[in-house]
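A closer look at the structure
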Amino acid sequence: MTALCRPHYDPLRHPVSSLALGGSGWVQAVNFVVAGLLTVALAAGLRRALKASPQPAATVWGPILVGVWGVMLICAGVFTTDPVSGCPPGTPERLDEYGSVHAALHDLLSLVGFVALPAACVVFAVRFLRERERGWAAYSSACAVGFTGGIVLATMAFGQDPALVAYGGLFQRTAVTIAWAWLGLMALRLLTRRRDATRSGAGRPRRPS
């Protein structure tokens with residue numbers, strides 16, 4: 001919705017972070033912070049849902065990596081990016097050096113998040129594989145590959161690769177959509193499993209004392 005209110009913004013070409021630039025940029029900044037806080041809450045919920053899991057890597061590192069992704073989103077709202085690909089209008093396609101410490105931190109912390117998310121996919125893929133849930137293992141692995149590929153292509157596009165620059169925003173949005181879909185479906189899956197386990201336990205007859 002924010003992109004629709006910016007007549008010179010092209011979602012196929014420009015990164016999501018560019019929406020935080022300009023007079024109404026605070027709207028996107030708030031979007032980042034709220035999404036980040038909700039993701040951190042999701043990470044805490046995952047930790048609680050996996051508390052009884054016999055797999056320490058998934059129990060500890062899975063939620064931590066998801067939490068890192070959430071913190072990155074919060075930081076993306078606090079530290080504003082530099083203009084890129086001519087957005088906002090009148091700015092160069094790419095700056096020769098960072099225009100501010102905020103922009104440098106934005107890119108650095110984003111990189112951390114972009115590594116953490118596919119790493120979380122791999123951690124949970126291993127967990128699902130060990131539990132013989134091969135479909136979920138394959139899906140999580142595919143998301144790790146798809147997200148990483150989308151981010152790499154987006155980075156090349158924002159670096160002004162002539163063959164890719166017109167689609168940088170599309171590559172980034174594809175990667176982010178993969179991430180959010182995986183997080184949402186996985187959370188729903190774990191919630192359903194926990195609810196079923198609770199009902200199964202509640203339905204068992206008590207042993208006589």
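Sequence order sets the numbering: in each chain, residues are counted from 1 along the sequence as written. Reporting of local features is limited, given that this is a predicted model, to residues whose pLDDT is at least 70; pairs of side-chain atoms are given and counted only at 80 or more, and all residues count toward the totals for whole chains, interfaces and linings. Hydrogens and waters are ignored; side-chain quantities use all the structure's heavy atoms.

A few points about the environment of Gly-62
Helix numbering and strand numbering both begin at the N terminus, where a helix is a DSSP run of H or I of at least 4 residues and a strand a DSSP run of E of at least 2. Its location among the elements puts Gly-62 in helix 2 (residues 56-78). Any residue under 20% of the maximum accessible area for its type is buried, any over 50% is exposed, and the rest in between are partly exposed; the area is computed with a 1.4 Å probe on protein chains only. The class for Gly-62 is buried, based on a relative accessible area of 0%. Linking Gly-62 and Arg-127, residues 65 residues apart in sequence, is a C-alpha distance of 9.5 Å.

Quick look at the nonpolar core
Within this scheme, the nonpolar core is defined by two criteria: the residues are buried Ala, Val, Leu, Ile, Met, Phe, Trp, Tyr or Cys, and they are joined through side-chain atoms within 4.5 Å. In terms of nonpolar packing, the biggest core is built from 29 residues, with Trp-69, Leu-117, Phe-124, Phe-147, Trp-182 and Met-186 touching the most fellow members. Sorting the residues of this core by element identifies helix 1 (25-49), helix 2, helix 3 (101-130), helix 4 (134-158) and helix 5 (168-203) as the ones contributing at least two each. In what follows, residue pairs with any heavy atoms lying within 4.5 Å of each other are defined as contacts. With residues up to four places along the chain from it excluded, the contact list for Leu-117 reads Trp-69, Phe-147, Ala-179, Trp-182 and Leu-183. In this structure, Val-84, Ala-154, Ala-157 and Phe-171 belong to the second largest nonpolar core, which totals 6 residues.

Description of the packing of aromatic side chains
When two rings of Phe, Tyr or Trp (its six-membered ring) have centres within 6.5 Å they constitute a pair, described as stacked for plane angles under 30 degrees, edge-to-face for angles over 60, and tilted for the intermediate range. Within the structure shown, the criterion is met by 7 aromatic pairs. Judged by centre distance (6.1 Å) and plane angle (65 degrees), the ring pair of Trp-69 and Trp-180 falls under edge-to-face. Linking Trp-69 in helix 2 with Trp-180 in helix 5, this pair joins segments that are 111 residues apart in sequence. Assessed through its relative accessible area of 1%, Trp-69 is described here as buried. Among the aromatic residues, those joined into a cluster by ring pairs are Trp-69, Phe-114, Phe-147 and Trp-180.

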